[in-house]
Amino acid sequence: MDLNSLKSTFRGQVYLPEDGGYSQARTIWNASIDKRPRVIARCAGVADVVDAVRFGRDNGLLTAIRGGGHNVGGRALCDDGLVIDLSQMRSVHVDPATSTVRVQGGATLGDLDRETHLFGMAVPCGIVPKTGIGGLTLGGGVGWLLRKYGMSIDNLQSCQIVTADGRVLTASSDSHDDLFWALRGGGGNFGVVTSFEFQGRPVHTVLGGLVLYPRDAAFDVIRNYRDYMLTAPDEITAYAVLLHSPDGTPLTGVVACYCGDLSEGERVLRPLRAFGTPVLDAIQPMPFPAMQSLLAASFPDGNQNYWKSALQRELPDDAVARLVDHGNRMASPLSAVVVECYGGAAGRVPNDATAYPHRELPWDILFIAQWTDPAETPIHRDWARDGEEVLRPFSANAHLLSALDVESEEVIHTAFGGNLRRLSEIKQKYDPENFFRVNQNIRPELACNVTV
């Protein structure tokens, strides 16, 4: 392995295990991930990415791509291989004349929100500021604006990407449209996306926040939330959650964001806020970046994490009762059960319009296990796994790509659904040797075997 060939032109930083800064460079948000790459290439620009891809290929190195490093399964890193690290490529350029936003591949949601807010706009994406825009978007991208403006991929206009053979391509509806289709929900299978171009949306101040109840009200609160969301206008996105207060008190919460006229939002949100006897109603007008940061403290760096989730077509009372019962069994006050409702504008896009195939499944139930002592891993991991099993009778056997932890190939394929064959064909075209495989992988040879 001739590192001089990489370092001779590389403008960023190259870390080896013996270098100062290596330990920090291999650390990501989820402390459950402890991988030791042979080389970390922290890129300063697109030319560095090209050099890193070619270096990885020439040396036969297993290669991972790091954007924000927030994927729960730790796919930003690999053992004994190469990490192409985009974390210093974080610029965001807003063009107010066209309401378009160009975002580098290492930017986080917080980076994006800070710049777009200045111009009275936002891009639909995520709920945690430290999340990388790259991984979130390539998996589909769900967040507070989804029901009004669609998923992140529905607002994507083009991508600049470095493919496995070192080419720099622009993928859009007018150029490499097959690749552009695949990037909208196909994950990191097709190359290193160095920048994304989004359509910005006119969002500045929203009506949002938390309504909290005692845990023993959970069944009634979630059922009311479910019934409310079935007829809610597109401007409202809301989640229900089983969580704990900072002092460890079990609570039930509804987190809501209304992105339309604020006076109308007060009327629309009244059925959620007036239900039962909340212990706290903190819904109020706030800048959209504040809404985006509302749950940030719930996902701190350095905790152990393991997630399970399942997409569902419906959320009957029996499913609500089971998820509440299982939520009451969580062994860590840092863990949570989250009920997310999608639909709206995102649900009206055909399943084959983008690589994301589950538009007709509005409910996503997440069992988020989080703890601090590594010795307790089996307890909390098994709790999350058991949660998925509890809801299996109601599951559509489908998953949101970006919420998948380390899973079998069979489970990963459920995230691609009926689009798997076409994705495999595109993988075969742009990455026939499966160079990019540290991801929710689509093997190129699957195109010959998948039946749909």
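These notes cover the structure that comes with them. Computed from a prediction, not measured in an experiment: that's the story for all the values here.

Turning our attention to the pattern of salt bridges. In total, this model carries 29 salt bridges according to the counting rule given. Each of Asp 220, Arg 223, Arg 226, Asp 227 and Asp 317 takes part in a single network of salt bridges with overlapping partners.

Time to look at the pairing of strand 8 (residues 168-172). The sheet contact formed by strand 7 (residues 156-162) and strand 8 spans five bridges and is antiparallel. By the bridge assignment for strand 8, Cys 159 is matched with Ala 171.

Attention now goes to the nonpolar core. If you look at the biggest cluster of nonpolar residues, it comprises 41 residues, and the most contacted ones within it are Tyr 225, Leu 269 and Leu 323. Among the elements that make up this core, the one with the highest residue count is helix 8 (residues 218-230) (six residues). Val 128, Val 206, Met 286 and Ala 336 belong to the second largest nonpolar core, which has 40 residues in total.

A word on the sheet that holds strand 6 (residues 100-104). Here five strands make up an open sheet; going across it, the order is 5-6-9-7-8 and the pairing antiparallel. The sheet terminates laterally at strand 5 (92-95) and strand 8, the two strands that pair on one side only. Taken pair by pair, the neighbouring strands of this sheet meet at an average axis angle of 15°, ignoring direction. Bridging between strand 7 and strand 9 (residues 192-199) involves six bridges; their strand directions are antiparallel. What sits directly across from Ile 161, in strand 9, is Val 193. Of the strands in this sheet, strand 7, strand 8 and strand 9 are in contact with helix 3 (residues 46-58), which crosses strand 7 at around 50°.

Cut-offs used in this document
Residues numbered from 1 in each chain as written. Predicted model: local features only at pLDDT ≥ 70, side-chain atom pairs only at ≥ 80, totals over all residues. Heavy atoms only, no water. Salt bridge = Lys/Arg side-chain N within 4 Å of Asp/Glu carboxyl O. Pairing = 2+ DSSP bridges. Helix = DSSP H or I, 4+ residues; strand = E, 2+ residues; numbered from the N terminus. Core = buried A, V, L, I, M, F, W, Y, C linked by side-chain atoms within 4.5 Å. Buried < 20%, exposed > 50% of the residue type's maximum accessible area, 1.4 Å probe, protein only. Axes fitted to C-alpha atoms, helices over the stretch in contact; angles between N-to-C directions. Contact = heavy atoms within 4.5 Å.

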